[in-house]
Amino acid sequence: MHADRDKCVSLQASPAQLLVIALTFFFCSGLAEEKPKTPHPGQSLFTANDTVEYVPGTLPIVIAAPHGGRLTPANIPDRTEGVVVTDADSDLLAREIAEALHRLTRQHAHLVICHLKRSKVDCNRDALTGTGGNAAAMETWQAFHDSIESARTTGRELYLDIHGHSHPQPRVELGYQLSAEQLKQSRASLATLEDRSTISGLGTTSHDGFEERLRGSSSLGGLLESKGFPSVPSPTNPDPAGQPYFSGGFNAERYSANAEGEQFVAVQIECPRDGVRDSEQNRKRFAEALAESIVVFLKRHAGMDLLTQQSRP
Ligand SMILES: [Zn+2]
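Presented here is an overview of the structure given in this document. (Residues numbered from 1 in each chain as written. Predicted model: local features only at pLDDT ≥ 70, side-chain atom pairs only at ≥ 80, totals over all residues. Heavy atoms only, no water.)

## Examining the sheet that holds strand 6 (residues 172–175)
Alright, step 1. In space, the eight strands of this open sheet follow the order 1-2-4-3-5-8-6-7, with mixed pairing throughout. The outermost strands of the open sheet, each flanked by one partner alone, are strand 1 (45–47) and strand 7 (231–232).
Alright, step 2. Relative to strand 7, strand 6 is paired through two bridges, and the arrangement is parallel. Pairing of Glu 173 across the sheet is with Val 232, part of strand 7.
Alright, step 3. Seen against the sheet, helix 3 (residues 90–105) touches strand 2 (52–55), strand 3 (61–65), strand 4 (110–114), strand 5 (158–164) and strand 8 (266–271) and runs at an angle of roughly 160° to strand 3. (Pairing = 2+ DSSP bridges. Helix = DSSP H or I, 4+ residues; strand = E, 2+ residues; numbered from the N terminus. Contact = heavy atoms within 4.5 Å. Axes fitted to C-alpha atoms, helices over the stretch in contact; angles between N-to-C directions.)

## Things to note about the coordination of the zinc ion
Alright, step 1. Only His 67 (ND1), Asp 87 (OD) and His 163 (ND1) from the protein coordinate the zinc ion, and they sit 2.0 to 2.2 Å from it.
Alright, step 2. Positions of the donor residues of the zinc ion along the chain correspond to the pattern H-x19-D-x75-H. Here His 67 is found in the loop between strand 3 and helix 3, whereas its partner His 163 is found in strand 5, with 96 residues between them in sequence. The residues His 67 and His 163 share a single accessibility class, namely buried. (Donors = N, O, S within 2.8 Å, 3.2 Å for Na, K, Ca; no water. Buried < 20%, exposed > 50% of the residue type's maximum accessible area, 1.4 Å probe, protein only.)

## Section: the pattern of salt bridges
Alright, step 1. Summed over the entire model, instances satisfying the criterion amount to 20 salt bridges.
Alright, step 2. Close ionic contact of Arg 118 with Asp 122 constitutes a salt bridge, the shortest N to O distance being 3.2 Å. This pair shows no difference in class: Arg 118 is buried, exactly as Asp 122 is.
Alright, step 3. As a salt-bridge pair, Arg 213 and Glu 194 come within 2.5 Å of each other at their nearest N and O atoms. Taken together, the residues Arg 213 in helix 8 (residues 210–215) and Glu 194 in the loop between helix 7 (187–191) and helix 8 connect sequence positions 19 residues apart. As far as burial versus exposure is concerned, Arg 213 and Glu 194 are alike and both buried.
Alright, step 4. Residues joined in a network through salt bridges with shared partners are Arg 70, Asp 89, Asp 91, Arg 273 and Arg 283. (Salt bridge = Lys/Arg side-chain N within 4 Å of Asp/Glu carboxyl O.)

Here it is in structure tokens:
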């Protein structure tokens with residue numbers, strides 16, 4: 001009773017208090033209207049019932065995390081076919097990579113995260129396999145890929161598909177759509193596979209041969225290894241040597257070329273848990289190493305200097 005009486009008293013506002021409330025409402029609603037509705041670098045946009053997050057950027061880099069989602073809405077049935085295992089914390093890792101690139105270049109990469117758990121949708125498969133035909137899952141799948149498409153304005157964007165693996169060898173697996181068998185080949189026969197790889201777009205801008213770009217000291221694997229992250233392919237591990245290896249999937253294939261079929265660069269990056277994904281500190285450490293490696297890689301092989309590049313409008 002006593003509490004109720006206090007509540008009633010506190011609800012009685014003076015004319016001055018009412019004016020303050022009215023003004024606060026007026027300014028707050030005014031600010032709400034000014035919220036940007038168009039893409040703004042570094043600012044998250046959520047679509048498909050908040051299951052897809054797109055952070056637009058100005059760097060020619062698109063980072064996507066299709067398998068790190070955590071949402072399990074009851075209205076979407078669990079997928080019954082295909083792989084349904086989540087790549088734990090690959091969403092957080094993708095965000096760290098974007099942040100590390102921003103610290104280094106003062107510009108934002110494009111970042112696309114699927115927040116729906118993989119048991120509900122797989123955005124690294126074709127639409128039917130990834131959704132089982134469910135309409136709500138399809139909405140998420142479409143929004144994920146529409147976000148990537150809207151980020152790729154020139155067709156010369158480095159595309160990174162961020163994943164996590166649990167293979168026995170705790171090394172970073174870089175997928176360029178070349179199988180473990182194909183990676184066993186020597187320099188001469190490897191060169192004939194360049195067009196099948198997802199880095200064939202560097203052929204016109206790089207002064208190095210295909211093998212160097214793929215697994216030399218200036219390849220992404222070579223650069224990551226020099227910073228303490230064992231990788232394959234790389235100078236130390238030119239091929240998986242009989243160990244399990246992910247060579248790249250639907251997204252890396254799809255986004256290695258633009259709509260006109262012009263090739264650039266796409267890489268599936270499969271990260272081990274230990275030392276890379278397992279703590280905030282390790283995710284940051286790996287993200288720094290990858291960001292630095294990307295800057296060196298794109299400068300050397302694509303003639304892009306991210307440290308001096310002006311923001312695109
Ligand atoms: Zn994955």
